[in-house]
Amino acid sequence: MAKRFRDEYVYAPMLEGRDVLHSLLHPRRKRPGLHANTQIPKFTGYQRIYELTGERDFNTAALNFWRIVVEHYSYGIGGNSAREHFVAPDKWEESIRHPAGPESCNTYNMLKLTAGLFRCDPQPEFVEFYERAMFNHALSTVNPRTGGRIYFTALCPMAYRTSDPGSTLCCGFTVMEMHFLAHEMIYAHTSDQLWVSRLDPVHGEPMHFRTRNLVRPADVTLKPFFEMADERYSAYLPAMNEASWGMEQTRRDKLAATQLTVFMASHTMR
Ligand SMILES: [Zn+2]
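The following paragraphs examine the structure supplied in this document. (Residues numbered from 1 in each chain as written. Predicted model: local features only at pLDDT ≥ 70, side-chain atom pairs only at ≥ 80, totals over all residues.)

### Examining the overall build of the protein chain
(1) Moving on: In terms of helices and strands, the protein chain carries 8 helices and 7 strands.
(2) Moving on: For the protein chain, buried positions account for 26% of its 270 residues.
(3) Moving on: Here the analysis covers contacts within the protein chain between residues at least 6 apart in sequence; of these, 56% occur between residues at least 24 apart. (Helix = DSSP H or I, 4+ residues; strand = E, 2+ residues; numbered from the N terminus. Buried ≥ 20, exposed ≤ 12 C-beta atoms within 10 Å, placed from the backbone. Contact = placed C-beta atoms within 7 Å.)

Here it is as structure tokens:
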């Protein structure tokens, strides 16, 4: 039944990896730029069909769509669209002028699509986008003082956002649901593997996060940049598995032994 709702108009080009989101003129629309949130749920559906049936084409179309939207239509906050429509790809200076910037519903559905793609193929690019869109757009779509929900997040200079506690717009209801996604995608596992995609907040210290069994030789606390702007800092966190960590530990032990030898040798020479 779900397959019968397939919209060949966007499905076919996305299956081939062709970006038509701005160029395609929909029969009922005279101007270019498809309505963004009409397209995104189609692809969450195609991804789900793949998950249930294993028909790979549905996943290919969903993945191509996700890549095109994330790489060519999404702003730094992870959101997309102006006036609810896809604007010309990679034309940031043009699209950022719209006061009706990224719509909350779009990001909500992109998060759902991202989670679905990750379930089938746990790649870092999915959790990276999820984190970016969750922290920079999704979590900011509600006014914590009034409970008002936000429709558009304008990105243009001097813009402001309005939130409405009684909103009956699409985003009014989407945002209510969106905040239940905040606890999702923190970690995922199979019987023998674990993926951690976020960090634990440090109790009583806003914007401080602590890794948990993630960093060797010891977990680290990450603090906001403004607290350490005048300090020296460096952070290199190479990704390793248990085997490569074992080799790294051996290398460090050898290095430590060498340093001790050199130290002792220099003392002996004196
Ligand atoms: Zn909406």
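Now that the structure has been shown, we can carry on.
### Focus on the nonpolar core
(1) Moving on: The biggest cluster of nonpolar side chains holds 43 residues, and the ones touching the most others in it are Ala62, Phe65, Trp66 and Tyr130.
(2) Moving on: The element that contributes the greatest number of residues to this core is helix 3 (residues 56–72), accounting for 9 residues.
(3) Moving on: Among residues more than four places away in sequence, those in contact with Trp66 are Leu113, Thr114 and Leu117. (Core = buried A, V, L, I, M, F, W, Y, C linked by C-beta atoms within 7 Å.)

### Remarks on the packing of helix 5 (residues 104–120) against helix 6 (residues 124–136)
(1) Moving on: Interaxial distance between helix 5 and helix 6 falls to 9 Å at its minimum, and their mutual angle equals 160 degrees. On the basis of their axis angle, the class for helix 5 and helix 6 is roughly antiparallel. Crossing angle aside, the handedness with which helix 5 passes helix 6 is left-handed. Contacts from Thr107, Met110, Leu111, Thr114, Ala115, Leu117 and Phe118 in helix 5 reach Phe126, Val127, Phe129, Tyr130, Ala133 and Met134 in helix 6. (Axes fitted to C-alpha atoms, helices over the stretch in contact; angles between N-to-C directions. Parallel < 35°, antiparallel > 145°, perpendicular 65-115°, else oblique. Left-handed = near helix turned anticlockwise from the far one by under 90°.)

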